[in-house]
Amino acid sequence: MFINGGQIFPIIQSYRLVWIAGRFSGGKTSFSYKVAERFLKNGQYRLISNTNCIWNDDPNDVQLMDDGMLHAVIVLDEGGQWFKSSKEIERIAAYAAKMDCIYIIPSFWPPNRSAQVVTIQPLFNFISAGIPAIVYSWSVSLGSFKDKGWFAWVYPQSIYGVYSRQDPGDSPETIISFLTQRTEEYIQSRGRNHGLQPMGETSAADLIFEASNTLVQAADSFSALSVGKSKSKR
């Protein structure tokens, strides 16, 4: 059950690219599957994940449906280690709405800025105090548009047993390759041929773009550090 959670699911479905942040063993993956459950319940979506979960579908069995769309929720546990190239993200996420896909990335390591459209992270965990609730903050950052809010997940233990907490997980690269293939099939089914850049190939323009993006990320980190130091001096 969610308190003040009326906004978060429409936001996730609107923006479709979600980073679940937080400390190690902080419930990021549990919450990701709780989010996925909400979409799976309508019977339209399939679940693709690199962690063992009773709701998982075999990627080999997940094809484009009769309407030409994929209709899938993709959970990439610790995907921040892989989503470092903005071109890679754009390649599989540009068609998220057209193919009806929702990407959820529970990861201690931050993914590329391009994957941080919707960020959700825990604010207060009351479980150790005997209260079965976790309060989360959410924020949306897309260009000049900013929005934020909060909600609470009550009785998070209800998701236990749905997935294996001991499973180290498969490499997200396998799922990224699967998504690239399905995206290519989607493009071709519409009579187009964009010639998606193969995985692992990087042009000179991509390298320049990534270098610029790295500098922006470093500037953000430096800015946050400076603000923290200024507050500590007061």
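Residues numbered from 1 in each chain as written. Predicted model: local features only at pLDDT ≥ 70, side-chain atom pairs only at ≥ 80, totals over all residues. Heavy atoms only, no water.

**Describing the packing of aromatic side chains**
Geometry of an aromatic ring pair is reported as the spacing of the ring centres plus the angle between the planes.
(1) Moving on: Inspection of every chain in the model, using the stated rule, returns 16 aromatic pairs.
(2) Moving on: A centroid spacing of 6.2 Å and a plane angle of 35° characterise the contact between Phe 124 and Phe 126, whose relative ring orientation is tilted.
(3) Moving on: The class for Phe 124 is partly exposed, based on a relative accessible area of 47%.
(4) Moving on: The partly exposed category is assigned to Phe 126, whose relative accessible area is 33%.
(5) Moving on: In this arrangement the basic side chain of Arg 38 is found over the ring face of Phe 9, its NZ or CZ atom lying 4.0 Å from the centre.
(6) Moving on: We note Arg 165 situated over the ring of Tyr 160; from NZ or CZ to the ring centre the distance is 5.5 Å. (Phe/Tyr/Trp six-rings, centres within 6.5 Å; stacked < 30°, edge-to-face > 60°. Buried < 20%, exposed > 50% of the residue type's maximum accessible area, 1.4 Å probe, protein only. Lys NZ or Arg CZ within 6 Å of the ring centre and 35° of its normal.)

**Notes on the environment of Pro 106**
(1) Moving on: By secondary structure assignment, the location of Pro 106 is in strand 5 (residues 101–106).
(2) Moving on: According to the relative accessible area criterion, Pro 106 is buried, its value standing at 0%.
(3) Moving on: A C-alpha to C-alpha distance of 4.4 Å links Pro 106 and Ile 20, two positions 86 residues apart in sequence.
(4) Moving on: Pro 106 has contacts with Ile 20, Lys 28, Thr 29, Ser 32, Val 75, Leu 76, Asp 77, Glu 78 and Gly 79, leaving out every residue within four places of it along the chain. (Helix = DSSP H or I, 4+ residues; strand = E, 2+ residues; numbered from the N terminus. Contact = heavy atoms within 4.5 Å.)

**Section: the pairing of strand 8 (residues 145–154)**
(1) Moving on: Looking at chain direction, strand 1 (residues 2–3) and strand 8 are connected through two bridges and run antiparallel. Considered in strand 8, the bridge of Phe 2 is made with Trp 153.
(2) Moving on: Taking the residues that link successive antiparallel strands as the turn, the strand 7 (residues 133–142)-strand 8 hairpin has two residues, and the phi of Gly 143 there is positive, at about 65°. (Pairing = 2+ DSSP bridges.)

**Thoughts on a nonpolar patch on the surface**
(1) Moving on: On the surface, a cluster of nonpolar side chains totalling about 710 Å² of accessible area is made up of Met 1, Ile 3, Leu 123, Phe 124, Phe 126, Ile 131 and Trp 150.
(2) Moving on: Along the polypeptide, Trp 150 turns up in strand 8.
(3) Moving on: With relative accessibility at 43%, the residue Trp 150 sits in the partly exposed group. (Patch = residues over 30% accessible without salt bridge, like charges linked within 9 Å, V, L, I, M, F, W, Y side chains within 5 Å. Areas by Shrake-Rupley, 256 points an atom, 1.4 Å probe, with all protein chains shown as cover. Salt bridge = Lys/Arg side-chain N within 4 Å of Asp/Glu carboxyl O.)

**A word on the sheet that holds strand 6 (residues 118–125)**
(1) Moving on: Within the open sheet, the eight strands sit side by side as 1-8-7-6-2-5-4-3. Their pairing is mixed. Of all the strands in the sheet, just strand 1 and strand 3 (46–49) have a single pairing partner and so form its edges.
(2) Moving on: Packing of helix 1 (residues 8–15) onto the sheet brings it into contact with strand 1, strand 2 (17–20), strand 5, strand 6, strand 7 and strand 8, and relative to strand 7 it is tilted by some 35°.
(3) Moving on: Packed on one face of the sheet, helix 2 (residues 28–40) meets strand 1, strand 2, strand 3, strand 4 (72–75), strand 5, strand 6, strand 7 and strand 8 and runs near 165° to strand 5. (Axes fitted to C-alpha atoms, helices over the stretch in contact; angles between N-to-C directions.)

**Section: the pairing of strand 5**
(1) Moving on: Across the six residues that make up strand 5, a large majority, six, are buried.
(2) Moving on: Going residue by residue along strand 5, you find Cys 101, Tyr 103 and Ile 105 tucked away on one face and Ile 102, Ile 104 and Pro 106 tucked away on the opposite face as well.
(3) Moving on: Two strands pair when backbone bridges link them, and strand 2 and strand 5 are joined in this way by four bridges, in the parallel orientation. Within the sheet, the bridge partner assigned to Trp 19 lies in strand 5 and is Ile 105.
(4) Moving on: Examined bridge by bridge, strand 4 and strand 5 share four bridges and lie parallel to one another. When the bridges of strand 5 are listed, Val 73 appears paired with Ile 102.

**What about the packing of helix 1 against helix 2?**
(1) Moving on: Viewed as axis vectors pointing N to C, helix 1 and helix 2 meet at an angle of 80°, and their least axial separation amounts to 11 Å. The orientation of helix 1 relative to helix 2 falls into the category roughly perpendicular. Residue-level inspection shows Phe 9, Ile 12 and Gln 13 of helix 1 in contact with helix 2, the latter providing Val 35, Arg 38 and Phe 39.
(2) Moving on: Taken together, the residues that form the contact of helix 1 with helix 2 break down as four nonpolar, one polar and one charged. (Parallel < 35°, antiparallel > 145°, perpendicular 65-115°, else oblique. Nonpolar A, V, L, I, M, F, W, Y, C, P; charged D, E, K, R; others polar.)

**Some details on the confidence of the model for the protein**
(1) Moving on: Averaged over every residue, the pLDDT of the protein is 81; the share at 70 or more is 79%.
(2) Moving on: Of all helices and strands in the protein, the one with the weakest mean pLDDT is helix 6 (residues 204–233) (44), whereas strand 3 scores best (96). (pLDDT = per-residue confidence, 0-100.)

**What about the pattern of salt bridges?**
(1) Moving on: In the structure shown here, the tally under the stated rule is three salt bridges.
(2) Moving on: A salt bridge links Glu 185 to Arg 182, with the nearest nitrogen and oxygen atoms 3.2 Å apart. With a gap of three residues between them, Glu 185 and Arg 182 both fall in helix 5 (residues 172–189), about one helical turn apart.
(3) Moving on: Looking at Glu 185, the relative accessible area reads 27%, which means it is partly exposed.
(4) Moving on: Overall, Arg 182 belongs to the buried group, its relative accessible area being 5%.

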